[in-house]
Structure formats: C-alpha cells, structure tokens
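Here's the letter readout for the chains.
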Amino acid sequence: MATATDGEIELIRAFVRQLTSRYDRGYWVQRAEAGQDVEEMWQELAAAGFLGVTVPEEYGGSGLSMQRLAVLMEELGNHGVPLLFLVVSTAMGCIPIAKYGTEEQKRRYLPAMAEGRERFCFAITEPDAGSNSFRIKTRARRDGDDYLLTGQKAFISGADRAQHMLVVVRTSPADAVSDKREGMSLLIVDTAAPGVTLNRMDTRLLMPEKQFEIFFDDVRVPRANLVGEEGRGLRAIFDALNPERIVGAAMGVGIGRYALSKAVEYAKTRRVFGVPIGAHQGLAHPMAEARTHLELAALMAHHAARVFDEGGEAGPYANMAKFAAGEAAIEAVDLAMQVHGGSGFTGEVDLITLWPVARLLRTAPVSREMILNYIGEHVLGLPRSY
Ligand SMILES: Cc1cc2nc3c(=O)[nH]c(=O)nc-3n(C[C@H](O)[C@H](O)[C@H](O)COP(=O)(O)OP(=O)(O)OC[C@H]3O[C@@H](n4cnc5c(N)ncnc54)[C@H](O)[C@@H]3O)c2cc1C
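Positions within a chain are numbered from 1, following the residues in the order the chain's sequence is written. pLDDT decides what is reported in this predicted model: residues at 70 or higher carry local features, side-chain atom pairs at 80 or more are listed and counted, and totals for whole chains, interfaces and linings draw on all residues regardless. Excluding hydrogens and water, the side-chain figures rest on all heavy atoms present in the structure.

(A) Highlighting the pattern of salt bridges. Throughout this description, the term salt bridge denotes a Lys or Arg side-chain nitrogen within 4 Å of a carboxyl oxygen of Asp or Glu. Scanning all chains against the criterion turns up 32 salt bridges. Two residues, R291 and E295, come together in a salt bridge whose shortest N-O distance is 2.9 Å. With R291 and E295 both in helix α9 (residues 281-309) and four residues apart, the pair spans about one turn of that helix. For every residue, the accessible area (1.4 Å probe, protein chains only) is compared with the maximum for its type, and the residue is labelled buried under 20%, exposed over 50%, or partly exposed between those bounds. The partly exposed category is assigned to E295, whose relative accessible area is 26%. The network of salt bridges with shared partners includes R13, E74, E75, R257, R291 and E295. Think of it this way: any DSSP run of H or I at least four residues long counts as a helix, any run of E at least two long counts as a strand, and we number them from the N terminus.

(B) Quick peek at a nonpolar patch on the surface. Where nonpolar side chains cluster on the molecular surface, the patch consists of V379, L380 and L382 and spans about 270 Å² of accessible area. Tracing the backbone shows L382 in the segment after α12 (368-379). Distance thresholds for patches are 9 Å for like charges and 5 Å for nonpolar side chains (Val, Leu, Ile, Met, Phe, Trp, Tyr), applied to residues having over 30% relative accessible area and no salt bridge. Surface accessibility follows the Shrake-Rupley procedure with a 1.4 Å probe radius. Residue values consider only the protein chains on display as shielding.

(C) Looking closely at unusual backbone geometry. A cis amide bond links A364 with the next residue in sequence, P365, at an omega value of 0°. Its place among the elements puts P365 in the loop between α11 (355-360) and α12. Backbone geometry places F155, a non-glycine residue, at a positive phi of 65°. Relative to the helices and strands, F155 resides in strand β3 (residues 146-157). Despite not being glycine, D350 shows a phi value in the positive range, around 60°. Note on placement: D350 falls in the loop between α10 (315-339) and α11.

(D) Representation of the environment of S62 in the model. In this structure, S62 sits in the loop between α3 (39-47) and α4 (66-78). Taking the C-alpha atoms as reference, S62 lies 25 Å from K322; in sequence the two are 260 residues apart. Contacts: residue pairs with any heavy atoms within 4.5 Å of one another. Residues contacting S62, with those up to four places away along its chain left out, are A2, G49, G52, V53, V55, E57 and R68.

(E) Focus on the domain arrangement of the chain. Domain boundaries shown here were taken from an automatic or database domain assignment. Under the domain assignment, the chain is made up of domain 1 (6-119), domain 2 (121-232) and domain 3 (235-379). Measuring from the centre of the C-alpha atoms in domain 1 to the corresponding centre in domain 2 gives 23 Å. With 25 residues of domain 1 in contact, the opposing surface of domain 2 contributes 22 residues. Both faces combined, the contact of domain 1 with domain 2 buries some 2,100 Å², and carbon together with sulfur accounts for 65% of it. Here the buried area means the combined drop in accessible surface, using a 1.4 Å probe, for two parts upon being joined, counting both sides. Area buried by domain 1 at its contact with domain 2 is led by L84, F85 and R119, which between them contribute 26% of it. For the pair domain 1 and domain 2, the number of links is one salt bridge. Residues D37 and R161 are paired through a salt bridge, measuring 3.7 Å at the closest nitrogen-oxygen approach. Residues adjacent in sequence count toward polar contacts only when both atoms are side-chain atoms; beyond that, a polar contact is any pair of N or O atoms within 3.5 Å, and within protein one must be able to donate a hydrogen and the other to accept it. On inspection of domain 1 and its partner domain 2, the count reaches 10 residue pairs in polar contact (both at pLDDT 80 or more). Elements supplying a minimum of two residues to the side of domain 1 that touches domain 2: α2 (25-33), α5 (85-91), α6 (94-100) and α7 (103-114).

Written as structure tokens, this is what we have:
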C-alpha cells in the first residue's frame, strides 16, 4: 500500500483549499437543504485524481492510501464540507474490493469509482441485530451460479445515489455455525437489482447523503459478486470498518476545527463588557482545550491510517481515533455555539446545522460504548460483559 509523503499531503490540502473556495459551506448547505447531491464537487475531486486515493495504480488510482484519504476528508471538514461518500464509497467500497476482490471485480469497479462514474454504499446495520453484527439475518442462499438474497438493512447512507452496495450477509445462519464469526460474507449488489427496495428514513441531519432502509426480496446476485471467501468474510469486513472509523475520525477533526475557528474569530471581535469575549478565560480555556483535543485526535487518526497502510493491526488505533475525534468534535461544536451566544442558533451563523453531524459521531459508524468495549477487551485484555 502507498505511504503518503509530506509533499503529497500538502498537495491534497492545497487542492482542497482551492476547491472549497468554489464549493464552500454555503454551497454544501444549500445542496443538502434542497436534498441534492454535490455532484460537481465530486466530479472535480475525481478529475483531479483524488477519488483514486484508495485505488491501486493498475486500476486507475494513485495507490491504496488511507493516509491520503484521511487527509482529504480532514481538510474538507476543516472547511465545513465533509463528504460522507468518501467514507461509504472511497473507503468502504474501494478498499475491500482492492484487497480481496477478484481480478474481474477490480477491473469492473475500481476504475469506475476512481473516475467518479460509480459509487458504492455499505450495508451492515440491521434493525434487529443493531451493534451485534454477528446476529444479522440477511441471508444469501446458493441457487446455481447465483445467490438469492433476502433480508433487511437500515440506516444505509447514500443508497439512492450509489449504483452498487457492499452488503454484509450470512451465507450460514448464526445458529448453524459453532463460531459466530463463521458464515459472514460480503456481496456486491446493484442498488437497482430486481427485488431491492429503498425506503428513505426520517434522519434529520443536514448532509447531502440521506439514510435508507433496504429490503431484499429474493434478489438474484451472481456468485461472481462474492468479495473474499464465502463464510470467511470477516477480514474483508474489518478492512472496511477500520477505514470507516479512520475517515470518520478525520471528518470529526475537520468539522471540529471548522466550528472552533468560527468561534475564535467571533471571540476576537465580539465585545460585551468592553473587551473581546475571547479575553475571558471562561471562554479562552475551553477553546484551548478543545483545540488540544482535536489535534490529539488528528494525530491518532493519522497514526491509525499509517498503521493500516503499513499492513499493521490498525484496529486499536482506528477505534481510539474514532472515539477521540467524535468526542472532540462534539466538544468543539457545542463550545462554538456557546461562544456565539444566541447567534449560535441562527441560520446565518450556521453552527446549529453542524451539531447533529458532530453528535452522530458518538453513535455511528460505531457507538461510543462499542468502541470502549473494543478497547477494554482487545487493548486492555479485560473480560467482556456481553
Ligand atoms: C446518520 C446515520 C448514518 C448511518 N449510516 C450507515 C451506513 O451507511 N451503513 C450501515 O450499515 N449503518 C449505518 N448506520 C448505522 C449505525 O452504524 C448504527 O446506528 C450504530 O452502529 C448503532 O447501532 P444501532 O443503531 O443498532 O444501536 P444499538 O445497537 O441498538 O445500540 C443502542 C445503544 O445501546 C448501546 N449498547 C448496545 N450494546 C452494548 C454493549 N454491549 N455495551 C454497552 N452499550 C451497548 C449502544 O452503544 C447504543 O448506545 C448509520 C446510522 C446513522 C444514524
């Protein structure tokens, strides 16, 4: 996998600064409010080669690099324009296919994603299983050269704008295997395939990408669409979930910095008792703390990305980065609102719209509690309670 040099990282940041001078927070908010995609911005990212940061060079990308993707997302967040498709498609769609896909799958999907022609969403969550992903019931049964897929997913981001989805399925039900980790598989499914139904969910975040329930009613999926080994898909699944946590962390760092920078500017100019409000330590110290927490989270996200790129065990760092960044983003956005007083609630200041996005990071893509469970069990070696 490709490791990113300081020069490459600065190039990404410089490109995003230039891109976001044209596609700024105002553009992003207006599109999200209208329920529209940010297609032109996405296409410019593709044309400049940045959707290929997780695609190996032989398939039209610049090499599989989590570091480059994390910096790209972080910098977009720094300007208040995070793109969820960088999580669900560029990270979770490209990486499992690049690492575990067949030659045919790589040729079919990776260039199309790098060029911005096609996108993936990623579907693991089910209403009954919740955080206990081993209990998913979406089932793929063999039928000749196909699988027949039945089941239901929930909260799937961007399903209406994606041509394909990576679906986590059971090829053997949980009660038919001695080890719950067996029988999990990863399938590529077209969102427009007969038997697939999408229902928009009533999630109230201001983002261009919406959430969907997805129903599979005997959906015929060629066996050639299996990513990795049948029943042994866990490694491929975790190689999607760790990148999701790293890019999610980068997004948290970015939007936290964006909110905090607005607060700092306001605190320098707003005078209530004759001095700028930023002179009061009651505001200055929490802002200094919030900045410290954001930078620590950024370091952990970059470290997790580097470990992933070097082929190491990125799980502990990806989880810690996601935890730290989620909490730091919430702290920064909440504080930025506090610094703005009543104006923090206005559309003009546009911080209130960031609150649900920051708060989401405590719940998704993996909840705060499940991250702490992971760290308790896998890093500290504590017994598990569930
Ligand atoms: C806006 C949004 C976008 C999303 N996008 C996607 C997507 O694209 N693809 C996808 O597959 N999913 C997606 N999700 C789903 C998301 O990953 C889940 O909502 C999340 O993992 C939590 O699962 P759950 O909602 O089933 O909560 P539950 O598992 O029901 O948990 C409820 C609460 O109980 C706690 N809890 C559960 N078990 C334990 C335990 N053992 N110890 C301590 N606490 C516990 C949880 O931490 C949580 O606080 C999205 C969700 C949202 C809100």
